[in-house]
Number of protein chains: 2
Amino acid sequence: MGSAVITRADECGLALGRLASIVEQVAECQIEGRECLMVTSGAVAFGKQKLTQELLMSLSMRETLSPKDHTRDEAGTLLEPRAAAAVGQSGLMSLYDAMFAQYGVKLAQILVTTADFRNEETRRNLFSTLTELISLNVVPIINTNDAVTPPPKDDDDPLGGNKRVIRIKDNDSLAARLAAEVQADLLILMSDVDGIYTCPPSQEGARLIRTFAPDMSSHVEFGGIKSKVGTGGMDSKVEAATWALNHGVSVVICNGMQDNAIKTILDGRKIGTFFTEVKSSHLPIETLAENAREGGRRLFHLSPEERAGAINLLADLLISKQSTILEANSADIAEANRRGTEKPLVDRLSLTPSKLKSLSSGLRQIAETSHSNLGRVLKKTKIADSLELRQITVPIGVLLVIFESRPDCLPQVAALAMSSANGLLLKGGKEASYSNKALMNLVSEALDSVGAGNAINLISTREEISELLAMERHIDLIIPRGSNELVRSIQEQSQNIPVLGHAEGVCHVYVDRQADLTKALRIVRDSKCDYPAACNAMETLLLHEDLVKNGSFFLDVCNMLRREGVIVHAGPNLSKLLTFGPTPAKSMKTEYGTLECAIESVPDVEGAIEHILQNGSGHTDVIITEDETTAKSFLSQVDSACVFHNASSRFADGYRFGLGAEVGISTARIHARGPVGVEGLMTTKWVLVGNGHVASDFAEGGPCQYIHQNIPV
Amino acid sequence: MGSAVITRADECGLALGRLASIVEQVAECQIEGRECLMVTSGAVAFGKQKLTQELLMSLSMRETLSPKDHTRDEAGTLLEPRAAAAVGQSGLMSLYDAMFAQYGVKLAQILVTTADFRNEETRRNLFSTLTELISLNVVPIINTNDAVTPPPKDDDDPLGGNKRVIRIKDNDSLAARLAAEVQADLLILMSDVDGIYTCPPSQEGARLIRTFAPDMSSHVEFGGIKSKVGTGGMDSKVEAATWALNHGVSVVICNGMQDNAIKTILDGRKIGTFFTEVKSSHLPIETLAENAREGGRRLFHLSPEERAGAINLLADLLISKQSTILEANSADIAEANRRGTEKPLVDRLSLTPSKLKSLSSGLRQIAETSHSNLGRVLKKTKIADSLELRQITVPIGVLLVIFESRPDCLPQVAALAMSSANGLLLKGGKEASYSNKALMNLVSEALDSVGAGNAINLISTREEISELLAMERHIDLIIPRGSNELVRSIQEQSQNIPVLGHAEGVCHVYVDRQADLTKALRIVRDSKCDYPAACNAMETLLLHEDLVKNGSFFLDVCNMLRREGVIVHAGPNLSKLLTFGPTPAKSMKTEYGTLECAIESVPDVEGAIEHILQNGSGHTDVIITEDETTAKSFLSQVDSACVFHNASSRFADGYRFGLGAEVGISTARIHARGPVGVEGLMTTKWVLVGNGHVASDFAEGGPCQYIHQNIPV
């Protein structure tokens, strides 16, 4: 069987709408030429208990109101579960029939019992019937034959479920057996929870397991995740799934309530829990995060000298273990070349002895500054006699740094975390996996030297970013380092963990009428051409109208840009002023990131400010003028993280600002803003030391009074 | 007709699952005794075009594969739209029938034409048939009789839709007419978008209008929001809805794709767009937010003296306009008493001359401190010759403060915003609406005096908080001031706007073996009993094991707590130590907020730290000991916003810390942490002043070098 899909819809339960949605997806799969089977369990389908009760209830209501309606009277008396199942079965089949008919898809009902699988002949018959039906483009709907199946014995039902219904557990194993029988490619078991969790989903900290290997069973608590529908807990699903996996069938356990679950799975996107044979060799991500927090605390309780020592050891290792690093790196590069990766990307990926040398010396600088990072007193207040308050710097907790390509990012970020005593989870790109592993080994060695081995962990490339972004209990701050797309996607996805960074850098340079035009030309050139891919490169040049209308500056700047190979676009105002001008800019909010920029004309500094407020991204904006008043007005009114007067936008950089290593550039309006040094990885804590002070003594008319005297620090 | 619901399901389109979900909800409404009609449009139902095409496609596929199947051959030849509609009609009705049968609900099919409404006799017949059916508990399914309805003329179809299908616009008006005819309570028009937007939903800044008054039409762009199903755009829905409204029927336009849309609406919760006769007298919320940003900027460009002057004027007005304020306040109190509000809540609500006096003097203090808030230089670095960098304080932007009960919060928060030059949106509770309005008038008067009238806006109580939380482009920081529930709910709901605050205050006091027991008794009493409802009150008392086993301290503390009326629970360790002890605590993470607390025994200070790390909320934790080393270890390892030694937890308060007015207490790990003063309403900005400096001059081998010399500020 080529691409069989087996679904059981019975537990997606209770909602007619959800059942219909599954029918729709199965029908569409069938129309697209996939071979499908559905397993459902007779009257249990979309919730035997609830539906039967509802049916009875609504019937009795209806009987009172319209007594002539006897069409379903017999159902009203049916309380014996197998009989109810048999009756439900026919109503269900006619519903399936009407639904599938909407798609022109035909059904066949197959009722089976456990005995049918034990007898070799019935088993063979069943298999050939199924094969025949599938080849005729008929969707077999397979149920347990509840009318002839013996009820489960009491001691047979360890979950202690409702005795009135057949054990749903049977259905999971039925689906697994059928899947193995027809050698299905995929078995989809639908439940009313999203998949297998690390502990009951209602419990704090429960996390969905995306990929489940049978050897993980011991890490997982199954208790309490029982389906509302009946007796089927998750244990029976895991058991059935494991069984199917052992018989060569891949399995997904997912939530049937989720929109388009089947199609999403068939499209290869991850939902639910995917069962695979691959052994899990790595620790669960929560454990890594808890270890990182624990390790971060250990770092914090070291002396600054010990932290600096570990960083310096890492700096040493980058040199002494150079050959190991470069060897691993060349494996990544070979792989990249094999994939036909473009040269600039390969360049970013590649490490060289000189890169390692400068990386090593950068790390020594971080070690140097780490002596005074933590426990720094920012504020000291004498609140009352013998009652003193201090505000001191402390680590944030656990950081998640997500980075692409550049493996040199790893030791740098690791050193920053060590310096600030934060726990750190590192998630690097697949393209640098060998290099990252080699570098991580050195980081671990450095950490081990001070007994904080697990403060920093490299997360397997297999872990999904979306999973990490949901771990708000474990991660305090996310720092994405990479393309704008990476940053934007993480900012959008993270709901409850703050993200430090900026998605866009639409930086402006405004040349005022009072500008020194020689300075202006140099600054414009540097801002655009020094490194056009940088976020602090100029994207829009704003010119005072007079500079466009009179004199040669406009031509000079255009010629200079042309010489540098910069493609120029005109903003709407500029276009109006020129008879023949550059092509119009598509938007004034574009970050080109290449040798390309927009030029716009503005009437005055107020116009420039207004343009920037409307179109800027709050990153870095520059004014070039010799008029102090104009400059002041610009610097004060432009509301960006960095505002510059007569200096290139390229100075917006942690290193150039003298912040030591740069964590990133933030355009957020709280916490660190602009280029962020290691202080962006710290928070504060209030420490109050008294001598038995109580607040009630300070109440109105009480014996004590507040002094609130600031003490210089 | 009592509680009629009219739905049209046809456009919720394309998905069988969604149609089924609507059937399910209608059936349940019917079973619950609501009178329902459904309007659907024959073959258009769940997407005429797509379904017909799909039917044909799947049939032809099927014919090739199983040529004996002729049961649906006739459908395969039907391309004429009205005929297709007629055929689709019967398939659709049998599907509806099978679906409704699952709930024991009976249907009747009614086909109507526009002419039926024009003729008085047919109209009367129709009405009596509908009434009769409804009284028999039958759900009428009403369609346009496509087989006899003339096709729309070309000039009849301004939207230029597909001519092969009947204009879906007719269906909107059909539903509206029927609703008016049977005097329905509610008409639900289902679409595939969430409701009416301020501009096309794909456009940046589009916002769903929750409540639509006909006079708002001019503020709204309808273009581009066409349903995918056919020609029905939103204009026709708005037209039909307005018509129904004019005929006394309330209307909701909602997304049929949304789970349980009908039930949610009938439960009175707001989804989609609700049409009401109430005239909209207030500005759209975006406009208020833009005004606030603009006004905040104006505040920022005032001199500190002017800002202080406006705050002082507000302080004056609180006294001079006292009678107006108290009059408004007594209206709120009368209302609260009428509703039987509990006394403590009424107390919070009520303003008195003495409250206003102390409020006024608090404002004067804020005015005092506002002289040095903004533009403060935090850092100054000489980067190179004539290149100087400053990091200065600036306002955050636009704040949203959501507060409950206490109207005194309004002038206080307003003064803080004025002092820090932030724009402010205030959302107060309904219970204080008269007081808030009166106070807001004074705030506006004060702002007007400096030309920044719209920097602060009071948002109508009608606006939903969820709407505000989605306005990330307009709001930079949210500060909830009220119950833990309020804060928690806002923290959970806000996805992209940071929230300053704390949901929980599970504060601990640890009494060490080396404690001065007299101090300990006083501090425990003050921490728990001074004001048990405060977030900084003690919830768990941790005792060194020795204090439980030996000596009289344990009994002393229990007796003291009993005298104060505190109910005590025992943690698991304490329970083990005692033969007869207090009732076991349900959880060690409980914030009681009343005269109630838990006591737990810990082996030593490390055990106390571990307990706090596991169970605390990171708010405030206290150690009582005379041993400096033990104290240091606690203060350093407990990772809470406030850690105290020998002082009551009640000191964790902005006023007591000497921060001036308190914005709130934050347990977040970035931005402000612990009690937050006005500095929590500010961010920073980097100002770089050069003299034509370009970065390329500083590159390796370039003519310039970085100095990076910190200049004391």
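Conventions and cut-offs
- Residues numbered from 1 in each chain as written.
- Chains lettered and ligands numbered in written order.
- Predicted model: local features only at pLDDT ≥ 70, side-chain atom pairs only at ≥ 80, totals over all residues.
- Heavy atoms only, no water.
- Least-squares fit on C-alpha atoms with pLDDT ≥ 70 in both.
- Contact = heavy atoms within 4.5 Å.
- Pairing = 2+ DSSP bridges.
- Helix = DSSP H or I, 4+ residues; strand = E, 2+ residues; numbered from the N terminus.
- Axes fitted to C-alpha atoms, helices over the stretch in contact; angles between N-to-C directions.
- Salt bridge = Lys/Arg side-chain N within 4 Å of Asp/Glu carboxyl O.
- Polar contact = N/O pair within 3.5 Å; in protein donor to acceptor, adjacent residues only side chain to side chain.
- Nonpolar A, V, L, I, M, F, W, Y, C, P; charged D, E, K, R; others polar.
- Buried < 20%, exposed > 50% of the residue type's maximum accessible area, 1.4 Å probe, protein only.

**Q** Hey, could you go over the relation of the copies chain B and chain A for me, with residue numbers and the actual values?
**A** In screw terms, the move from chain B to chain A is a rotation of 180° and a rise of 0.3 Å along the axis, fitting with an RMSD of 0.8 Å. One copy is carried onto the other by what is essentially a two-fold rotation axis. The residues that chain B uses at the interface reappear at the interface of chain A in 100% of cases, marking a shared surface.

**Q** So what's going on with the sheet that holds strand β11 (residues 398-403) of chain A? Which residues, and what values?
**A** Think of a sheet as strands paired side by side through backbone hydrogen bonds, with each pair either parallel or antiparallel. All names here are of chain A. An order of β13-β12-β11-β14 is seen for the four strands of this open sheet, with the pairing classed as parallel. The strands lining the two open edges of the sheet, one partner per strand, are β13 (456-458) and β14 (477-481). For this sheet, the mean angle separating the axes of adjacent strands, direction not counted, is 15°. On the sheet, helix α10 (residues 285-300) packs against β11, β12 (423-427) and β13 and is oriented at approximately 140° with respect to β12. In this fold helix α15 (residues 409-420) packs onto β11, β12, β13 and β14, with an angle of close to 165° to the strand it touches most, β12.

**Q** Go over the interface of chain B and chain A, please, and point to the residues and values.
**A** Facing 114 residues of chain B, the contacting portion of chain A comprises 114 residues. Counting the contacts that link chain B with chain A gives three salt bridges. For the interface between chain B and chain A, the tally reads 53 residue pairs in polar contact (both at pLDDT 80 or more). Counting residues per element, the side of chain B that touches chain A draws most heavily on strand β24 (residues 682-693) of chain B, at 11 residues. Taken together, the residues of the side of chain B that touches chain A break down into 52 nonpolar, 35 polar and 27 charged. Relative to strand β21 (residues 642-647) of chain B, strand β24 (residues 682-693) of chain A runs parallel, the two being bridged by five bridges. In the sheet register, A:H693 faces β21(B), and the bridge partner there is B:A647.

**Q** So what about the pattern of salt bridges? Which residues, and what values?
**A** Throughout the structure, instances matching the rule amount to 37 salt bridges over all chains. In this structure, A:R522 engages B:D697 in a salt bridge whose closest nitrogen and oxygen atoms are separated by 2.8 Å. With A:R522 in helix α19 (residues 517-529) and B:D697 in the loop between β24 and β25 (709-710), this residue pair bridges two chains. On the basis of relative accessibility, which here comes to 37%, the residue A:R522 falls in the partly exposed class. The class for B:D697 is buried, based on a relative accessible area of 17%. One salt bridge connects B:K382 with B:D385, and the closest N-O pair in it is separated by 3.7 Å.

Remember, this is a structural readout, not a statement about activity or role.
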